[in-house]
Amino acid sequence: MTPATFDETLQQQADVTPSDIALVDARARLSYGELNDRVNAFAQRLQAAGTRPGHRVVLIADNSTHHAVVAFALWRAGATLVTIYPSSTVPEFEYAIDNAQPMLVIAGSRVVHLVRSATAALGVPLVELTTQDALIGLADPEAAAAVGPTRVDPNALALICYTSGSTSRPKAVMHSHSGLLAAATSYSRVWHLGPADTTMVALPMAWAFGLVTTTMAALTSGGRVLLLARSDPDDMLANLTSHEVTVFAGVTTMFVKMVGSLDRGSAAPTTLRLCISGGEPRNDATFDRWQAITGCPVHDVYAASECFPVVTYDPELDPAPKPRSAGRVVPDAQLRLVGPDGADAGPSGPGEAWVRGPALMLGYWRDPELTSAVLTPDGWYRMGDLVEVDSDGYVHVVGRLTDLIIRGGANVSPAEVEAVLVRHPLVREASVVGLPDAGHGQRVVAAVVFEDLASAQEDTLRAHCAASLASYKVPSRVVPLDELPRNVNTGKVQRREVAELLASVLSASSKAGTA
């Protein structure tokens, strides 16, 4: 029988290959059989504690085999898993927990003291998940024996994940069991994942990118998942080598940091066959360096927590990524380009990306107004990105519509300018924003992290940009920074904070008479 949920897939895998290794972390190794047994045991304890289908349970923990066991046990018990980033602040914990209205919160030992103040204020029971795989505060294991199995409805609410986007409050994205399985299976198929693969997951499992796109996709194909609690570049490189990792997906920043470590003499991994970058614009200079050192190119994935997969590469059809392209629409997804007037912009665009995919969200939890703003009545999700498709079907993401800089009536894509900047050997990273300009509406300003601050040369970089960009796209100022402001949960560059920082720096410079 074809599985209808990820839980059924996991049980089937345990029946077929019980001794194959499923999950690995710094402390434990679980075979598929052991994983399935632990999921059973924890599901029974959760049910004995009163967890029932439809109940929401919050899980806040670093990546680990224990984290995965509890997440999958919640599904087997019929509950809805609610994920919150463990790097969140106490006010963020309070907001998300209050918004989710859970019957229980489970928090890892590292963050339980922070979560406790939030749960105490809200009157929600708290259970601690220890590094020894214990759940302190849950029902006694012996009391769980009498609880029977739960049949999980494939169309039921499986996951609420809080996004780390640019809105003032995180958005609570809802997905069904069937949608999550369809997405994991689709990624597994297009990337040709299999039992011989070891996938390293340093992305937080509170993010669909870490939970579904990587972890669940690997497990649906019978592969092995290596879970890292942190994304330290030296630790990631050491694990890529010691565990003979074949598949790795991360945000661009992870590759930037690892290339820095490699250039300082860290040992290079040699077993990689597929690397995927998503969540941030490409840094082709870094990716070229990564390929030169490791022999493995970096392909892309383009999607959103609200709808995935959408666009990526089949590495067998495209052994090398096409420059500045996110790939092609996956067989299970659809892409429509829409103009400002709401009419189709044609198959090539440019236009706003409206998409359908295997995991199309059910909506935003307790927010029908926001749901209706991004989900059309006929089932398209509005990505909010300006996109073009070339004659060969490769998708080119021009940039976020809300990030476009309008200078003298002409549109400037920050991503386009950033791609030119990072091609210069002096530049490690760049972020481009629009700041107010009395004469032209906005001016283009770049924040740049140089390989060496002593090498910072604004005129050189402006001349470099002028050789590849129209004059109105060339940054009027290039400001050196030690590092770019990032979201602590996912590592993405926070463009709004970049703009605020640059405005402050340039204002101070102007007052000092040096602007």
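Quantities reported herein were computed from a predicted structural model and do not represent experimental measurements.

Another aspect to go through is the overall build of the chain. Counting secondary structure elements, the chain contains 14 helices and 27 strands. A compact globule built from 515 residues would reach a C-alpha radius of gyration of about 24 Å, and the chain, at 23 Å, matches this within 12%. Each principal axis of the C-alpha atoms in the chain carries an extent, and together these give about 75 × 45 × 45 Å. The proportion of buried residues among the 515 residues of the chain is 56%. Of the contacts made within the chain by residues no fewer than 6 positions apart, 65% connect residues no fewer than 24 positions apart. Accessible area for the chain stands at about 20900 Å²; split by element, carbon and sulfur atoms hold 50% of it. Within the chain, the 54 negative side-chain charges are centred at a point lying 3 Å from the centre of the 40 positive side-chain charges.

With the rule as written, the count across this model stands at 24 salt bridges. Between Arg38 and Asp133 there is a salt bridge, with its nearest N and O atoms 2.7 Å apart. Residue Arg38 is located in helix H2 (residues 32-48), and its partner Asp133 is located in the loop between strand S6 (126-129) and strand S7 (135-136); the two are separated by 95 residues in the primary sequence. Looking at Arg38, the relative accessible area reads 32%, which means it is partly exposed. Here Asp133 falls in the buried class, since its relative accessible area comes to 14%. Across the salt bridge formed by Arg230 and Asp62, the nearest N and O atoms sit 3.3 Å from each other. Residue Arg230 is found in the loop between strand S11 (224-227) and helix H8 (233-242), and its partner Asp62 is found in the loop between strand S3 (56-60) and helix H3 (65-76); the two are separated by 168 residues along the sequence.

Pairing within the open sheet is mixed, and its three strands lie in the order S25-S26-S27. For this open sheet the edge positions go to strand S25 (427-437) and strand S27 (477-480), each flanked by a neighbour on one side alone. Within this sheet the neighbouring strands show an average axis-to-axis angle of 25°, counted without direction.

Take the environment of Ala4 next. For Ala4, the location among the structural elements is in the segment before helix H1 (6-16). For Ala4, a relative accessible area of 29% corresponds to the partly exposed category. In this structure, the C-alpha to C-alpha distance between Ala4 and Pro154, residues 150 residues apart in sequence, is 6.0 Å.

Axis separation between H1 and H3 bottoms out at 9 Å; the angle between their running directions is 115°. By the angle class used here, H1 and H3 are roughly perpendicular. Of the two elements, H1 crosses H3, and the hand of that crossing is left-handed. In this structure, H1 contributes Phe6, Asp7, Leu10 and Gln11 to the contact, and H3 contributes Phe72, Trp75 and Arg76. Per-class residue counts for the contact of H1 with H3 are four nonpolar, one polar and two charged.

Turning our eyes to something else, we now look at the pairing of S6. Pairing analysis gives four bridges linking strand S5 (residues 104-108) to S6, with the strands arranged parallel. Within the sheet, the bridge partner assigned to Ala107 lies in S6 and is Glu128. For the handedness criterion, the β-α-β arrangement of S5, helix H5 (residues 112-122) and S6 is classed as right-handed. Of the strand pairs in this sheet, S6 and S7 are connected by two bridges, and their pairing is antiparallel. When the sheet's bridge partners are listed, Glu128 is paired in S7 with Ile136.

Another point: helix H9 (residues 252-263). Over its 12 residues, H9 runs 17 Å from end to end, which matches the ideal 16 Å to within 8%, given 1.5 Å per residue. Taken across its 12 residues, H9 has 10 buried, putting it largely inside the fold. Thr252, Thr253, Met254, Phe255, Val256, Met258, Val259, Gly260, Ser261 and Leu262 are the residues of H9 that are buried. With its phi angle positive at about 110°, Gly265 sits one or two positions after the end of H9.

The sheet built from eight strands is open, its strands ordered S7-S6-S5-S3-S4-S8-S9-S20 with mixed pairing. Only two strands of the sheet have a single neighbouring strand rather than two, namely S7 and strand S20 (363-364). With two bridges joining them, strand S9 (residues 172-176) and S20 adopt antiparallel strand pairing. Within S20, the position partnered with Met174 by the bridge is Gly363.

The subject of this paragraph is the nonpolar core. Judged by nonpolar contacts, the single largest core of 105 residues is most densely connected at Phe72, Ile106 and Trp290. Ignoring anything within four residues of it in the chain, the contact list for Ile106 reads Leu46, Val57, Val58, Leu59, Ile60, Val70, Val127, Leu129 and Leu135. With 20 residues, the next largest nonpolar core counts Ala96, Ile97, Ile160 and Trp365 among its residues.

A cis amide bond links Phe308 to the next residue, Pro309, at an omega of -15°. Note on placement: Pro309 falls in strand S15 (residues 307-312). A cis amide bond, omega 5°, links Gly349 with the succeeding residue Pro350. Mapped onto the secondary structure, Pro350 falls in the loop between strand S17 (334-338) and strand S18 (351-356). Positive phi is not limited to glycine here, since Asp133 has a value of about 70°. Positive phi values are uncommon outside glycine, yet His192 reaches one of about 60°.

Further remarks concern the packing of aromatic side chains. For the coordinates displayed, the defined rule picks out nine aromatic pairs. Between the aromatic rings of Phe6 and Trp75, the centroid separation amounts to 6.2 Å while the plane-to-plane angle is 75°, which identifies the pairing as edge-to-face. Of this pair, Phe6 sits in helix H1 while Trp75 sits in helix H3, and the two are 69 residues apart along the sequence. The same class applies to Phe6 as to Trp75, namely buried. A network of ring pairs unites the aromatic residues Phe248, Phe255, Phe287 and Trp290 as a single cluster. For the cation-ring pair, Arg336 lies above Trp380, with the distance from its terminal atom to the ring centre recorded as 5.8 Å.

What counts as what
Residues numbered from 1 in each chain as written. Predicted model: local features only at pLDDT ≥ 70, side-chain atom pairs only at ≥ 80, totals over all residues. Heavy atoms only, no water. Helix = DSSP H or I, 4+ residues; strand = E, 2+ residues; numbered from the N terminus. Rg over C-alpha atoms; globule rule 2.2 N^0.38 Å. Buried < 20%, exposed > 50% of the residue type's maximum accessible area, 1.4 Å probe, protein only. Contact = heavy atoms within 4.5 Å. Areas by Shrake-Rupley, 256 points an atom, 1.4 Å probe, with all protein chains shown as cover. Lys, Arg positive; Asp, Glu negative; His and termini not counted. Charge placed at Lys NZ, Arg CZ, Asp CG, Glu CD. Salt bridge = Lys/Arg side-chain N within 4 Å of Asp/Glu carboxyl O. Pairing = 2+ DSSP bridges. Axes fitted to C-alpha atoms, helices over the stretch in contact; angles between N-to-C directions. Parallel < 35°, antiparallel > 145°, perpendicular 65-115°, else oblique. Left-handed = near helix turned anticlockwise from the far one by under 90°. Nonpolar A, V, L, I, M, F, W, Y, C, P; charged D, E, K, R; others polar. Right-handed = clockwise from strand over helix to strand, strands pointing away. Expected span 1.5 Å × (residues − 1). Core = buried A, V, L, I, M, F, W, Y, C linked by side-chain atoms within 4.5 Å. Phe/Tyr/Trp six-rings, centres within 6.5 Å; stacked < 30°, edge-to-face > 60°. Lys NZ or Arg CZ within 6 Å of the ring centre and 35° of its normal.

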